[in-house]
Amino acid sequence: MTKLTSLTLATAFFTVSSVLAQAPYEITEDLFNDSNAIVADLGDNGFKFEALTTGINSKYADYGAGLFMDKFISFSARKIGALAKKDPATNEPFTKLYCSDILENYDLARPLLFSSLLNKNENLGSVSFSQDGNTLFFTKNAEGSTQTFQLYKTVMDPNTAGRWMDITPVPFNMEGYSIENPHLSKDGTKLFFSSNMPSSKGGFDIYQVDVKEDGTYGEVTPVAGAVNTEMDEKFPHLSVDQKFLFFSSKGHENAGGFDVFKSRRTQQGYVTIINLGNTINTEQDEIAFVPATELIGYITSNREGGDGNFDIYRITEYVISQEVKGTARDFETGTPLEGVEVSLIDTDGTEVGKAVSDEKGVYSFPISSFEYYTVVSSKEGYLKGSTIFNTDNKTKLYETDVTLKTKPAPIIETAEKSYIQIDNIFFDYNSAAIKSVSTINLNKVVQTMNANPEIKVTLDAHSDFRGNDNYNLELSEQRAAAAMEYLIGKGISRDRLLSKGYGESKPLVNCSPCTEEQHETNRRIEFNIIKD
């Protein structure tokens, strides 16, 4: 449990030559208990992943690429036919695009060739589709170089499903440099990719470019924030809710080779970089993180124990339930406040939750990890309050109270009188002791009198009809005097105050018999302004 106080601040395309050909293994708890010091020192970072091999891995290199129409797209060097041509740089067949059905348990069915129009005797890489499936960005090697890649766009023939047409290179391809790993945002307005173009910090960096409605492109810029390092960053892919960027990097803190990282989008870009920990990352290369749901996805790895070169794994993340809970309180007295409207605002400034504090002032919300939250509180008669805190993926309960400052009580002018308007003042039964909750209303009177130093006030106390007349008169005088002493104790000059008890002689409601609500209406203190 983390205790917070008010205002606490609190895709994938792979260049064949860029990583070594190693073989993958299945992640188990025993394996991590035996892992070397580098991986152990990294720790799990609070992430709990299970990784299982998929049914499509071969003895050749297999890579995950993305999703299309509820199917999984991969590219692989698996041998098709006895006369399959080989890439002389890898001595494996050229990589081609494949399509697999996603089974009920998120395993993958036998892969089939994706498109005969795209699959030629050249290396194809990762792909990214528009949400309607009619636009495709894909990578293939540049002419004359099987290890340099370029990015292309194609659209589906509206008259023939599955037929891709108008294949055109993007205008920001650069001769001699690789443009790869395309990933298109859900709304189709931003295209992410990786490249070793001259502007990179070192090796490959992740870039983004705006895709305009007319199909043209904006300026190519490095992705904002702290993602790029002097080492290689590749394989950008947004999370299902588009809030996080997943990518693989040889930089940052890692276990070795490429590790998978995630970063929350903020107004300053992708600033905080988080390694997904040693339940998914190894000393080998983990690349091409492709989320299918919020908790299930796919990665590609050359870890030990796999079927061949690089293999595709389906992964499941196990997350803890997280909650923020707190109490809404009056700023000056600390008294819990019922009926406070509390809003939960996420990193993007979006309201993601709304609650009302209960009779004990308590509110609560379910929350997500790696968010910067603002809790905004409001109640009639109070100024808005706010508290800021951020979450990790380990803490189950965050506790943070919200405090609200009272507004000055309004001065009401009528033909008969002028008075300071507040809610009723409550006392202990048969006593002149002011209940703590009523000090909030008296503090509003203090604010009003401080803001209007020229006014003088008489505190007129009244009782209900119950009890002896003389006793009620005496008790009302005692209560008026107690309220006046409270104001004096808060710095209001005695010269500006008078107190008077009227007992039951001036009821607001004449009733016999009276309801409890009518009795409460008659039992009151009025703050009437004394006129010269």
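Located above this text is the structure these notes cover.
Described in the following lines is the structure provided in the data block.

**Here's the deal with the pairing of strand S26 (residues 351-356)**
So, point 1. In the sheet, strand S25 (residues 341-345) pairs with S26 via 5 bridges, with the strands oriented antiparallel. Looking at S26, one finds that Ile-345 is bridged to Glu-351.
So, point 2. Counted along the chain from S25 to the antiparallel partner S26, the turn is 5 residues long, and its residue Gly-349 has a positive phi close to 80°.

**Considering the pattern of salt bridges**
So, point 1. Considering all chains together, one arrives at 24 salt bridges under this definition.
So, point 2. Ionic pairing is found between Arg-524 and Glu-526, a salt bridge with its closest N-O pair at 2.9 Å. Residues Arg-524 and Glu-526 agree in their burial class; the two are buried.
So, point 3. Overlapping salt bridges, with partners in common, bring together Lys-243, Arg-264, Arg-265, Asp-346, Asp-348 and Glu-371 in one network.

**A closer look at the sheet that holds strand S3 (residues 62-68)**
So, point 1. The strand order across the open sheet formed by 4 strands is S3-S4-S7-S8, and the pairing between neighbours is antiparallel. Looking at the sheet topology across the chains shown, the edges are occupied by S3 and strand S8 (112-113).
So, point 2. Across 6 bridges, strand S4 (residues 71-76) lies against strand S7 (residues 96-101) in antiparallel orientation. Paired with Phe-72 across the strands is Ser-100, a residue of S7.

**Concerning the side chain of Asp-464**
So, point 1. On the secondary structure map, Asp-464 appears in the loop between strand S34 (457-462) and helix H4 (469-489).
So, point 2. What makes Asp-464 buried here is its relative accessible area of 8%.
So, point 3. Side-chain polar atoms of Asp-464 contact the backbone nitrogen of Arg-466, separated by 3.0 Å.
So, point 4. Setting aside residues up to four positions removed in sequence, Asp-464 forms contacts with Asn-472, Glu-504, His-519, Asn-522 and Arg-523.

Conventions used here
Residues numbered from 1 in each chain as written. Predicted model: local features only at pLDDT ≥ 70, side-chain atom pairs only at ≥ 80, totals over all residues. Heavy atoms only, no water. Pairing = 2+ DSSP bridges. Helix = DSSP H or I, 4+ residues; strand = E, 2+ residues; numbered from the N terminus. Salt bridge = Lys/Arg side-chain N within 4 Å of Asp/Glu carboxyl O. Buried < 20%, exposed > 50% of the residue type's maximum accessible area, 1.4 Å probe, protein only. Polar contact = N/O pair within 3.5 Å; in protein donor to acceptor, adjacent residues only side chain to side chain. Contact = heavy atoms within 4.5 Å.

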